[in-house]
Amino acid sequence: MIINMSVIPGGKAGKVGKISVKLRDKVNTDDILVQVETGKGNKAIKATAPGIITKILCEEGKEILSKEAMFELEPLDNTSDNNIVESNTVNKENTKSEIKKIETELLIIGAGPGGYVAAIYAAKKGKKVIIIEKEALGGTCLNVGCIPTKALVKSSEVCHTMKNSQLFGIKTTGEIQVDMKKVISQKNEVVNKLVSGVDYLMQKNKITVIKGNASFISPNQVSVEAADKYLINAKDIIIATGSKISKINIEGIDLPFVMNSTTALASNDLPKSITIIGGGVIGMEFAFIYRNLGVDVTVVEFMDRLLTMVDKEISKEIESIAKENGIKIFTSSKVKKIQKANNNQAIITFENANGELLLISDKVLSAIGREPNLDNLNIEKANIIMNTNKKGISVDSKMRTNIPHIYAIGDVTNIIQLAHVASHGGITAVNNIIGDESEMDYSAVPNVIFTNPEISSVGLNEEDCKKMNIDFTTSKFNYRSNGKALTMNESKGFIKLIKENNTNKLVGASIIGVEASSLISTITLAISKGLTDEDIRETIFAHPTTSEIIHEAALGLSLGALHE
Ligand SMILES: Cc1cc2nc3c(=O)[nH]c(=O)nc-3n(C[C@H](O)[C@H](O)[C@H](O)COP(=O)(O)OP(=O)(O)OC[C@H]3O[C@@H](n4cnc5c(N)ncnc54)[C@H](O)[C@@H]3O)c2cc1C
């Protein structure tokens, strides 16, 4: 649909003023798109229907003639692809609201990386899809998880690099200052861009998005409380409601200076000091973010080591690097209570083998983990059962719950809390819904931790192999022997490759060091395709790149590394 300039009195040209929309913006009828100066004053050109701006044909400051094309708009009709069977009006406490009864082929609850990816994939496979989201599109990952934390990681790395720029022969004059408000607004900009990108993808794939909280009425029917009330009947349903921050029962946890990952990501204040409860992935990523921004950081971890899910040697290495960077670490330590000092600082009491100890800091970050989000979902009305430890929805390898037409994916299953696992689970569920049998395989799931340096792993580690009685060989290669890493002044860390001796197939890898997040993809591909150490040895890796550490470690599994 083309939106034209209206008739300009006197037939003269007008001048295009401020254009209020961007390409791919969603607009409603009567939204102002642009102001045009004419001899008779300003004229607002408005959208004539709800839709997406697909072309902007005018330019600010340029002349425009009567009836000249200004915008191209792709009209939207959100519910056109789904069948609104009936519409009732209910009277509840004297307020009238619509009950809309809709039927669809596939209903997805939750628009995080599990739900929205499943929706796009299913739509591309020809399904009529409705997705329900009670908060923002993109879920935890885009709004308060993966993406915002990585935006903060980037700001903190810039700060770290600037502080060390002399090493590279670059001098800075004056003090390096952190503008935390700008750090957060930069993060918000990235988040908003990605969330509106998901919105655009929903429109593009003709997926109906309903904003509101979904609850099961029965195994086939879900109600949604929004501005209108919806009753949706679906042939197949995917639950992708994700996870929420776990509550911990510590005295003082609700004091105002105690943050969680979500509130920390929104805080414009950079504390001088912080105590982080929990040395897991979220806790350690924040520890390095804050430390690189100049904060005095202490981590208190209940277990005997940091990042218990990674290879023990890597855990030790990151602890030693953290300490070298000035992060104070207490492992095997339990936080007992948090109190407010007279000067409004936090007093944290914790206990370990040395008895009861106190810490004082401006802020506290509770990073003790996340649990499946089943709030208001009423899964019992659909007779869906939980897994044995009751900590997630029980699913089989096809992501199917005990109810054959209901699937569950991502964090709500509590199998592996990672965005890419949620997305892959979504694709697996859709494949099974459309009759292309497929199963989740967790043997090659990459896991990345954005500390400084980064950590990544895939497949098995040494401890796993021992527990599984696998006959294995490991090979380690250090970053200090890699030319590219040295040019980057990033000589810390190593790669560890593991092969199964019977087959010579690679079964696992762990990396700590620069670019570990990208390097792990090569090994993930190798493991998932059953490649051997010889396959890697015979592959040519570009020089000088950090990827050469993979080649060297593969050589180390038989002949021996060439550069060590
Ligand atoms: C600080 C932090 C950093 C992280 N960093 C990474 C990382 O670097 N890499 C990585 O892979 N993972 C990371 N994660 C984990 C990642 O965010 C999750 O694994 C991922 O978001 C799970 O996706 P999901 O689709 O299962 O659920 P979610 O992303 O949680 O989405 C679920 C959605 O469902 C909606 N919902 C819930 N209940 C209802 C209902 N009843 N009706 C309607 N809507 C509902 C929620 O509002 C939410 O939008 C991080 C998490 C956190 C907290």
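Residues numbered from 1 in each chain as written. Predicted model: local features only at pLDDT ≥ 70, side-chain atom pairs only at ≥ 80, totals over all residues. Heavy atoms only, no water.

Engineer: I'm lost on helix α11 (residues 516–528) in this one. Help?
Structural biologist: Given 3.6 residues per turn, any residue in an α-helix points the same way as the ones three and four places further on. An ideal rise of 1.5 Å per residue puts 18 Å on 13 residues; α11 measures up with 18 Å between its terminal C-alpha atoms. Of all the positions in α11, only Ala516, Leu519, Ile520, Ile523, Thr524, Ala526 and Ile527 are classed as buried. As for α11, its buried residues are in contact with β27 (447–449), β28 (455–459), β30 (494–500), β31 (506–512), α12 (533–537) and α13 (548–556). At the exit of α11 stands Gly530, carrying a positive phi of roughly 70°. (Helix = DSSP H or I, 4+ residues; strand = E, 2+ residues; numbered from the N terminus. Expected span 1.5 Å × (residues − 1). Buried < 20%, exposed > 50% of the residue type's maximum accessible area, 1.4 Å probe, protein only. Contact = heavy atoms within 4.5 Å.)

Engineer: What is the right way to read the environment of Glu105 from this model?
Structural biologist: Here Glu105 is to be found in strand β10 (residues 95–109). The contact partners of Glu105, leaving out residues within four places of it in the chain, are Gly126, Lys127, Lys128, Ala234, Lys235 and Asp236. Reaching out from Glu105, the side chain makes a polar contact with the backbone nitrogen of Lys128 at a distance of 2.8 Å. (Polar contact = N/O pair within 3.5 Å; in protein donor to acceptor, adjacent residues only side chain to side chain.)

Engineer: Just to check I follow, could you spell out the domain arrangement of the protein chain for this structure?
Structural biologist: Accessible area lost upon the coming together of the parts serves often as the stated size of an interface. Split into domains, the protein chain comes out as domain 1 (2–75), domain 2 (99–244 + 369–442), domain 3 (258–368) and domain 4 (447–556). Between the C-alpha centres of domain 1 and domain 2 the distance comes to 36 Å. On the domain 2 side, the residues contacting the four residues of domain 1 number four residues. When the two sides are added together, the surface that domain 1 and domain 2 hide from each other amounts to roughly 330 Å², 63% of it contributed by carbon and sulfur. For the domain 1 face of the interface with domain 2, the top three residues by lost area are Arg24, Lys26 and Ile52, together amounting to 84%. Applying the counting criterion to the domain 1 and domain 2 interface returns zero salt bridges. (Domains from an automatic or database assignment. Buried area = accessible area lost by both parts, 1.4 Å probe. Salt bridge = Lys/Arg side-chain N within 4 Å of Asp/Glu carboxyl O.)

Engineer: How should the sheet that holds strand β24 (residues 363–366) be read in this particular structure?
Structural biologist: Whether parallel or antiparallel, the strands of a sheet pair through hydrogen bonds between backbone atoms. With parallel pairing, five strands are arranged side by side in an open sheet as β17-β24-β18-β19-β20. Edge positions in the open sheet fall to β17 (258–259) and β20 (328–330), since each of these has one partner strand only. Here strand β19 (residues 296–300) runs beside β20; their pairing, made up of three bridges, is parallel. Bridged to Val300 within β20 is Phe330. Sitting on the sheet, helix α6 (residues 281–292) is in contact with β17, β18 (273–277), β19, β20 and β24, with an inclination near 165° to β19. (Pairing = 2+ DSSP bridges. Axes fitted to C-alpha atoms, helices over the stretch in contact; angles between N-to-C directions.)

Engineer: Explain the site of the ligand here, please?
Structural biologist: In the neighbourhood of the ligand, 40 residues make up the surrounding shell, with Gly114, Glu133, Thr140, Lys150 and Asp411 lying closest. A distance of 3.3 Å separates an oxygen atom of the ligand from a polar atom in the backbone of Cys141. The contact in question runs from an oxygen atom of the ligand to an N or O atom on the side chain of His420, over 3.4 Å. When the ligand is considered free in solution it has 1,000 Å² of accessible area, and contact with the protein chains removes 95% of it. Among the elements of the structure, β11 (129–133), α2 (139–144), α3 (146–163), β13 (213–218) and α8 (419–433) are those that each provide at least two residues to the shell around the ligand. In terms of residue count, the dominant contributor to the shell around the ligand is α2 (four residues). For the shell around the ligand, the per-class residue count stands at 16 nonpolar, 17 polar and seven charged. (Near = heavy atom within 4 Å. Areas by Shrake-Rupley, 256 points an atom, 1.4 Å probe, with all protein chains shown as cover. Nonpolar A, V, L, I, M, F, W, Y, C, P; charged D, E, K, R; others polar.)

Engineer: Please explain the nonpolar core as it appears in this structure.
Structural biologist: Looking at soluble globular proteins, one finds that nonpolar side chains tend to be buried together. Grouped together as the largest cluster of nonpolar side chains are 59 residues, with contacts concentrated most on Ile131, Met202, Phe216, Ile232, Ile238, Ile239 and Ile384. No other element matches the seven residues that helix α1 (residues 115–124) contributes to this core. Non-local contacts of Ile232, meaning those with residues more than four positions away in its chain, are made with Ile102, Thr104, Leu107, Ile130, Ile132, Ile210, Asn220, Gln221, Val222 and Val224. Judged by nonpolar contacts, the second largest core, of 36 residues, contains Met259, Leu293, Ile449 and Ile455. (Core = buried A, V, L, I, M, F, W, Y, C linked by side-chain atoms within 4.5 Å.)

Engineer: Any chance you could explain the layout of surface pockets here in plain terms?
Structural biologist: Any space left empty among the atoms is revealed by the rolling of a water-sized probe across them. Of the voids in this model, the second largest pocket is the one considered here, and its volume is about 790 Å³. Taken together, 29 residues make up the lining of the second largest pocket; nearest its centre are His160, Asn164, Asn452, Asn489 and Glu490. For the lining of the second largest pocket, the element with the highest residue contribution is α3, accounting for six residues. A per-class count over the lining of the second largest pocket returns eight nonpolar, twelve polar and nine charged. (1 Å grid on protein atoms, 1.4 Å probe; cavity = no way out; pocket = protein on both sides within 12 Å on 5 of 7 lines; lining within 4 Å. Points joined across faces, edges and corners; volume = space filled by probe spheres on them.)

Engineer: Explanation requested: the side chain of Ser475 in the structure shown.
Structural biologist: Position of Ser475 among the secondary structure elements: in strand β29 (residues 472–478). A polar contact of 2.6 Å, which involves the side chain of Ser475, links it to the backbone oxygen of Ala553. Once residues lying within four places of it in the same chain are set aside, the contact partners of Ser475 are Ile495, Lys496, Leu497, Ala553, Gly556 and Leu557.

Engineer: Which parts of the structure should I look at to understand the packing of α3 against helix α4 (residues 180–204)?
Structural biologist: Between two packed helices, both the angle of their axes relative to each other and the distance between the axes serve to describe the pair. For the pair α3 and α4, the least separation of the axes is 9 Å and the interaxial angle reads 140°. Classified by the interaxial angle, the pair formed by α3 and α4 is oblique. Pair α3 / α4 crosses with right-handed handedness. Across the interface between the two elements, Ile147, Pro148, Ala151, Leu152 and Ser155 of α3 pack against Val183, Ile184, Lys187, Val190, Val191 and Leu194 of α4. Looking at the contact of α3 with α4, its residues break down into nine nonpolar, one polar and one charged. (Parallel < 35°, antiparallel > 145°, perpendicular 65-115°, else oblique. Left-handed = near helix turned anticlockwise from the far one by under 90°.)

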